[in-house]
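Here are the chains, one letter per residue:
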Amino acid sequence: MRFTKKEGVTEGLVHPETVFLMLLAASAGLILIQVAVSHLVPNSSALLGRLPSGLTGRDAMEALSSVAEVIAAVLGIAITVVAIVVELAANRYSHQITRLFLTAPNNLLVLSLYALTTIQCIWVGLILAPEPGFGTFFTLVITMMLASVSLISLVPYIYSIFSFLSPDAVVRRIGAITLRQVVKAQSDASAQRQDAVETGIDELQDVARSAITHGDREIAMLAVNSLSDFLIEYHAIKQTLPEDWFRVSEEIRQDPDFIALSDSSLSMINEQGLWVERKVFRRLLSLMAQSAHGERDVAHLISIRTREIAGSLGLETPGLMDLCLSSYNSYLRTMLNAGDIRTTYYLFGQYRLLAESLLGTPHEARVLEIARYFKEYGHVGHQRGFSFLLETASFDLMTLIGQTTSTAPELAEPLIGIASTFELGPPSGTEKTNTSGLVRIKIQLACLLMAKGFDNLAIPLIDRLADEDDSLLAAIRDDLIAESRPHYWELIDRGINFLYLPSEQRAMLEPLFATISTHRNQNQ
């Protein structure tokens, strides 16, 4: 079992022993320089004439003792304030903020400056001579310069701390550090390097998770974007990584996202070299589940970025398209289990856009696969009591068929075969309206096909419509004729009015119903 992350915690961290030795060497060097100046520079009368009159070591010591107290007090206040602010930020977003703070060079520089100035004020009494001289003047100038620089740097340092701890800066810094670990893996694909990348991905997810918990939508979305951008940039350099990098090490095998994998799943990941991609999508799935019924905008962004990754990287990377489709299916299942109808409704729309982007590509056959998923998860929603989702899946499939008639006509017929089988099962009194919705979409799809000149493809739909109640068909026809609003009349993300029928398709209503009547008469 792992209790710490090797690279994740110590990467770039200056150890306390090193800091102590650096301060000790700087203090000793500064004091030795002043002692040397005091004993080696002659006290010529011409030089002393330009020095402050009446200056003695005792006078300087009295002045510098006050400076030492001020610097020590300011140092204590600065450390207290910084420690409190860093701890609050770490508790709010991610415990790794503390590590990031300690690895930032400006923090070490400013705190070391304050410590060095305090040490200078303490030791200066042993250097100053009782009589005036250049050594006394030199030591005083050095001390006052250090004190002045320390005090002047306080305001910009506090400002830089708050800028450093801003959530967007933290997220970007974690993303940059994680990507830098990948770059280092080009020459060192060790298990520790894999562990560092895995840690960085977890850190970004931790920031998003904490932000969702506290209702910080923008920060959560920034972390989701950072995870997605990392994956895109990772693929830009993926070909330069050695083969050992793509095999799951024992360190990675113990990660919660991999520990329960079967041997067959692990072998597939090793063959495809997609352990980083799987890790990212597992973290996105976790954030999707956390966003249910709450931060829906975060869930929407996850679905959008997954679609973008599938449409760009998935076309070129073997196995990644499978992973993206599996992720979308998991998103749908997660939201259905959570009963989040609104997010599921949006996911269907993004899934349909992904299918449309595959038309005309080598992955065009996946469109049929996605259509079957539409049917499966639409029926799952119906079984959970959300029959509207089956209507949504049917509508999105109808829209997808409309696209295939122009770009991939060979897919239209099998897609229509899938669409014609969307059924609610035995209707009940409470599901009459939902049954009407599915029948309406079949009518809309038939009108769409007839408007595009594919009357023959509409025949399976017409056969099914001929079996419906005549009064139901007439009521749907009247609703479609009366509806003239293309957009929904409430503030919703998709903004589509399912009832709207474009004018060129509306003109097909009468021919369609005449054909339905003919088919009904022929079947009698």
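Since the model is a prediction, treat every value here as computed from it, not as a measurement. Here the residue index of a chain counts from 1 through its sequence in written order. The model is predicted, so local features are restricted to residues of pLDDT at least 70 and side-chain atom pairs to those at 80 or more, both for listing and for counting; the totals for chains, interfaces and linings are taken over all residues. As a rule here, side-chain values come from all non-hydrogen atoms in the structure, and water together with hydrogens is ignored.

K.L.:
Would you mind going over the overall build of the protein with me for this structure?
P.N.:
Each helix is a run of H or I in the DSSP string that is no shorter than four residues. Each strand is a run of E no shorter than two, and both are numbered from the N terminus. Within the protein, the regular secondary structure consists of 24 helices and zero strands. When accessible area is computed with a 1.4 Å probe and restricted to protein chains, residues below 20% of their type maximum are described as buried, those above 50% as exposed, and intermediate ones as partly exposed. Residue burial in the protein is summarised as follows: out of 524 residues, 50% are buried. Here, two residues are considered to be in contact whenever any of their heavy atoms come within 4.5 Å of each other. Counting only contacts in the protein whose residues sit at least 6 apart along the sequence, the fraction spanning at least 24 positions is 75%. To measure how exposed things are, a 1.4 Å probe is used in the Shrake-Rupley method; for residues, cover is taken only from the protein chains shown. When the accessible surface of the protein is summed, it comes to about 24200 Å², and 59% of that surface belongs to carbon and sulfur atoms.

K.L.:
Would you explain the side chain of arginine 494 in this entry?
P.N.:
Locating arginine 494 in the fold gives a position in the loop between α22 (470-482) and α23 (503-506). Using a relative accessible area of 14% as the deciding quantity, one classes arginine 494 as buried. Of the polar contacts made by the side chain of arginine 494, one reaches the backbone oxygen of tyrosine 345; its length is 3.0 Å. Setting aside residues no more than four positions away along its own chain, arginine 494 makes contact with Tyr345, Tyr346, Phe348, Gly349, Arg352, Thr392 and Asp396. The definition of a polar contact used here is a pair of N or O atoms within 3.5 Å, where within protein one atom must be able to donate a hydrogen and the other to accept one, and adjacent residues in sequence count solely through side-chain atom pairs.

K.L.:
Looking at this structure, how should I read the nonpolar core?
P.N.:
Side chains of a nonpolar character, in soluble globular proteins, are inclined to be buried together. Side-chain atoms within 4.5 Å are what join buried Ala, Val, Leu, Ile, Met, Phe, Trp, Tyr and Cys residues into a set we call a nonpolar core. Among the nonpolar cores identified, the biggest contains 137 residues, and Trp245, Leu397 and Ile443 are the most heavily contacted of them. Excluding its chain neighbours within four sequence positions, the residues that come into contact with leucine 397 are Ala371, Phe374, Leu415, Ile418, Ala419 and Phe422.

K.L.:
How do you make sense of helix α19 (residues 409-419) when you look at a structure like this?
P.N.:
Along an α-helix, a turn takes 3.6 residues, which lines up residues three or four apart on a common side. Along α19, the residues classified as buried are Leu411, Ala412, Leu415, Ile416, Ile418 and Ala419. Taken end-on, α19 shows its buried residues confined to a sector of 150°, consistent with a single buried face. Turned more than 90 degrees away from the buried face of α19, the exposed residues are Glu410 and Glu413. When we speak of the arc, we mean the arc of directions from the helix axis to the C-beta atoms.

K.L.:
Hey, could you run me through the pattern of salt bridges in this one?
P.N.:
Close approach of charged atoms allows side chains of opposite charge to pair. In the sections that follow, a salt bridge refers to a side-chain nitrogen of Lys or Arg positioned within 4 Å of a carboxyl oxygen of Asp or Glu. Enumeration over the complete set of coordinates arrives at 25 salt bridges. The partner of aspartate 255 in a salt bridge is lysine 279, and the shortest N-O contact between them spans 2.9 Å. Pair noted here: aspartate 255 is in the loop between α11 (250-253) and α12 (263-272) and lysine 279 is in helix α13 (residues 275-291), with a separation of 24 residues, a long-range link. For the pair aspartate 255 and lysine 279, one class covers both residues: buried. Its salt-bridge partner being aspartate 257, residue lysine 279 comes within 2.8 Å of it at the nearest N-O pair. Of this pair, lysine 279 sits in helix α13 while aspartate 257 sits in the loop between α11 and α12; the two residues are 22 residues apart in sequence, bridging distant segments of the chain. Per residue, the accessibility class of lysine 279 equals that of aspartate 257, and both read buried. Each of Asp202, Asp255, Asp257, Lys279, Arg282 and Arg283 takes part in one network of salt bridges that share partners.

K.L.:
Just checking my understanding: could you explain the packing of aromatic side chains for this structure?
P.N.:
Aromatic ring pairs are defined here through the distance separating the ring centres and the angle between the ring planes. Here a Phe, Tyr or Trp ring, Trp counted by its six-membered ring, pairs with any other such ring whose centre lies within 6.5 Å, and the pair is stacked when the planes are under 30 degrees apart, edge-to-face when over 60, and tilted otherwise. According to the stated counting rule, one finds eleven aromatic pairs in the structure shown. For the ring pair tyrosine 488 and tryptophan 489, a centre distance of 4.4 Å and an interplane angle of 25° mean the geometry is stacked. Classification of tryptophan 489 as partly exposed rests on a relative accessible area of 43%. Linked through ring pairs, Tyr328, Tyr331, Phe348, Tyr351 and Phe374 together constitute an aromatic cluster.

K.L.:
Looking at this structure, how should I read the environment of glutamate 218?
P.N.:
Its location among the elements puts glutamate 218 in helix α10 (residues 217-237). Taking the C-alpha atoms as reference points, glutamate 218 and proline 167, separated by 51 residues in sequence, lie 9.7 Å from one another.

K.L.:
Can you walk me through the confidence of the model for the protein in this structure?
P.N.:
Low pLDDT marks stretches whose predicted atomic positions should not be read closely. As a per-residue quantity, pLDDT reports the predictor's confidence and falls between 0 and 100. When the pLDDT values of the protein are averaged, the result is 82; 83% of them are 70 or greater. Within the protein, no element has a lower average pLDDT than helix α1 (residues 6-10), which sits at 40, and none a higher one than helix α15 (residues 320-338), at 95. Every residue in residues 1-13 scores below 50 in pLDDT, and together they form 30 contacts with partners more than four places removed in sequence or on other chains. Confidence drops under pLDDT 50 across residues 44-51; counting only partners more than four residues distant or on other chains, this segment forms ten contacts.

K.L.:
Whenever I open this one, the side chain of threonine 405 confuses me. Can you help?
P.N.:
For threonine 405, the position within the fold is in helix α18 (residues 387-407). Within the structure, threonine 405 has its side chain in polar contact with the backbone oxygen of glycine 402 (distance 2.6 Å).

K.L.:
Sorry if this is basic, but what is going on with unusual backbone geometry here?
P.N.:
Excluding glycine, residues mostly carry a negative phi; peptide bonds, for their part, are mostly trans. Positive phi, close to 65°, is recorded for histidine 293, a residue that is not glycine. Looking at the element boundaries, histidine 293 is found in the loop between α13 and α14 (296-312).

K.L.:
How do you make sense of helix α17 (residues 366-383) when you look at a structure like this?
P.N.:
Given the number of residues in a helix, its expected span is that number minus one, multiplied by 1.5 Å. Along its 18 residues, α17 runs 26 Å from first to last C-alpha, staying within 8% of the 26 Å computed at 1.5 Å per residue. Counted residue by residue, α17 has 13 buried out of 18 residues, so it is predominantly covered. Directly beyond the C-terminal end of α17, a positive phi value near 95° is found at glycine 385.

K.L.:
Would you take a moment to explain the packing of α13 against α14 for this structure?
P.N.:
Helix axes use the C-alpha atoms of the stretch in contact, all axes being lines fitted to C-alpha atoms, and the angles between their N-to-C directions lie in the range 0 to 180 degrees. Across the interface, α13 lies against α14 with an axial gap of 8 Å and an inter-helix angle of 150°. Considering the angle they form, α13 stands roughly antiparallel to α14. Where α13 crosses over α14, the two elements pack in a sense that is left-handed. Here α13 contributes Phe281, Leu284, Leu287, Met288 and Ser291 to the contact with α14, which in turn contributes Arg296, Val298, Ala299, Ile302, Ser303, Thr306 and Ile309. These descriptions rest on fixed angle ranges, namely under 35 degrees for roughly parallel, over 145 for roughly antiparallel, 65 to 115 for roughly perpendicular, and the rest for oblique. By definition, any crossing whose near helix is turned counterclockwise from its far helix by less than a right angle is left-handed, and any crossing with a clockwise turn is right-handed.

K.L.:
Could you clarify how one ought to interpret the packing of α14 against α15 in this entry?
P.N.:
Helix-helix packing is characterised by the crossing angle of the two axes and by the distance between the axes. Put simply, α14 and α15 touch, their axes get as near as 9 Å, and they point 160° apart. Considered as vectors, α14 and α15 are oriented roughly antiparallel to each other. Crossing hand, α14 versus α15: left-handed. Contacts between α14 and α15 pair Ala299, Ile302, Ser303, Ile304, Thr306, Arg307, Ile309 and Ala310 from the former with Leu320, Met321, Cys324, Ser327, Tyr328, Tyr331 and Met335 from the latter. We call Asp, Glu, Lys and Arg charged. Ala, Val, Leu, Ile, Met, Phe, Trp, Tyr, Cys and Pro are nonpolar, and the rest, Gly among them, are polar. Taken together, the residues of the contact of α14 with α15 sort by class into eleven nonpolar, three polar and one charged.

K.L.:
Would you take a moment to explain the environment of aspartate 322 for this structure?
P.N.:
As for its placement among the helices and strands, aspartate 322 is situated in helix α15. Of note is the side chain of aspartate 322, whose polar atom sits 2.5 Å from the side chain of arginine 366.

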